Amino acid sequence: MDMFSFLPDHLLVIILSFLAFQEAGRTSVLSRRWQNIWRQTRNIEFNERFFSYIGADDEARRIAFVNFVQNWTDNYQPSVLDRVCITFSRPGNFLVLVEDCIRFAVTRGVKVLGLDFSDPSWNDELLELGNYPEPAYVLPQFVYQHGVLESLTLSSCNFNLPEIINFHLLKHLALGWIELPLPTLSVLLNKFPLLESLSVKNCWNTDGLQVGGQNLRLRSLVVEKFIMSENPWIEIEAPHLRYLKYSGTMAVFDIEAGELEEAYLDFGLEYEGNEGMGDLLYQLLHQLPVRTLTVCTYMLQVLPLELISNGVTPVFGVAKLTLRTAMLSCEQKGVKYLLRSCPVLQALTIQIVPQRLVDLDEGQPDDVRHVWTLNALEYHCINQTLRVVQVKGYTGTRHEIGFLKYLFCRGRVLEKLHISIGEELLNQRSIAENRQLVIQTFQGLRRASNNLRINTYGR
């Protein structure tokens, strides 16, 4: 029996408000009773990209979106809102509509406000060339008096620094597609004593990035594609930080984060590598006492260059490691480097990503066609601690197959080997055929662990 049928409407509205806006809308087809309940949800997302189904006519999509927003705000009855997000590129001809929509949220006491006016066509190349787009909107004056905000997202939306500090209850702040001078971030962090998470994406300045402040409570820091000067530096002093994600160009890092548990590092905007950069990566990893680490293909290609200068294998306390790699020959030294450096590793994920070659000063790597032969070097983690391995997006390349065989024959405590077939293979063969090919990979080999279970699956 449908137990929801016995609930009064106001409880159903509370439940629906926990769903994403689109998911709440889908409940309107359940029955006549549900047809309009979702229109009272306290979690609203006005997103022009939801109207892509209308067709190729951009103007028709915008008109449909504008009509939807106007109709919704005119007929919305509840007096309280929890969350309102507006995603609307090139709002120049509809500034009155946008302001009315923000006022609609503020007058209903909204605590989570997201304003994204960035253009979907903006990309990494735009930032790399220095063609920084002007913000498409300026936060209205009346918003600064709304002191109950707990979460604020601003993308391609300028703000008044002396007045934004009125949001003294703010716990979550996300900024994107704006210039963010060095003093601005320092002021914000010092004026938001309750701030727990900070996200800075597709921003730029000419100095660097400094994250720190008196009594800083920050627990999560995300810095994605932050464009800085030719000699970028990043300084982070956050004693309570638990999660760090950085993607962008190489920088000189100075990090003090005593409680850091997880780090995600991606230098996808770099195209060249040398010993100096290898040493910077080495120093960075030593500043991150994390148990969970994700690294990119750039690190796998450049980190081993550090060994040329000092020949010392570092030791990290990483228990969960994710390698974002295409498993190219030039990445295998990096894979070996991290396996040697993580003697207590318990879980390893190989995330297959598109190929990207880094231009190395030392030239092309040595021939590593047979790097994962059964006579290859043994690693402490594979023999003693590694219990779970996942391969996501498996494509069946030489080094993927070689590494799986190596794990099968050397992983003495390995318990689970999960292999997710990539789209490329799924488009060529059925999941049953792919599963059979994976099984054949291990035929004739003697498994090192009697507890090992191999699972192969598709989407």
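As a reminder, the structure under discussion sits directly above these lines.
Residues numbered from 1 in each chain as written. Predicted model: local features only at pLDDT ≥ 70, side-chain atom pairs only at ≥ 80, totals over all residues. Heavy atoms only, no water.

A.B. asks: Which residues make up the packing of aromatic side chains, and what values do they have?
C.D. replies: The way to describe two aromatic rings as a pair is by their centre distance and the angle between their planes. The tally for this structure, following the rule as stated, stands at 21 aromatic pairs. An angle of 75° between the planes, with centres 6.4 Å apart, marks the rings of F46 and F68 as edge-to-face. With F46 in strand β1 (residues 43–47) and F68 in helix α3 (residues 58–75), this pair connects stretches of sequence that are 22 residues apart. On the basis of relative accessibility, which here comes to 0%, the residue F46 falls in the buried class. Ring geometry for F408 against F442: centres 4.7 Å apart, planes inclined by 25°, an arrangement best described as stacked. (Phe/Tyr/Trp six-rings, centres within 6.5 Å; stacked < 30°, edge-to-face > 60°. Helix = DSSP H or I, 4+ residues; strand = E, 2+ residues; numbered from the N terminus. Buried < 20%, exposed > 50% of the residue type's maximum accessible area, 1.4 Å probe, protein only.)

A.B. asks: Would you mind going over the pairing of strand β2 (residues 83–87) in detail, with residue names and values included?
C.D. replies: Taken across its 5 residues, β2 has 4 buried, putting it largely inside the fold. Direction of pairing for β1 relative to β2: parallel, over a ladder of 5 bridges. Along β2, the bridge assignment pairs N43 with R83. The pairing of β2 with strand β3 (residues 112–116) spans 5 bridges and is classified as parallel. Looking across to β3, one finds that C85 is bridged to G114. (Pairing = 2+ DSSP bridges.)

A.B. asks: Summarise the sheet that holds strand β13 (residues 252–256); cite the residues concerned and give the values.
C.D. replies: Spatially, 3 strands are ordered β9-β11-β13 in an open sheet, and the strand pairing comes out parallel. In the strand order of this sheet, the two ends are held by β9 (209–211) and β13, each with one partner. Across the sheet, the mean angle from the axis of one strand to that of its neighbour is 0°, orientation sign disregarded. Taken together, the 3 bridges between β9 and strand β11 (residues 233–237) define a ladder with parallel strand orientation. Looking at the pairing, L209 lines up with I234 of β11. Across the sheet, helix α7 (residues 182–191) is in contact with β9 and β11; its angle to β9 comes to roughly 10°. (Axes fitted to C-alpha atoms, helices over the stretch in contact; angles between N-to-C directions. Contact = heavy atoms within 4.5 Å.)

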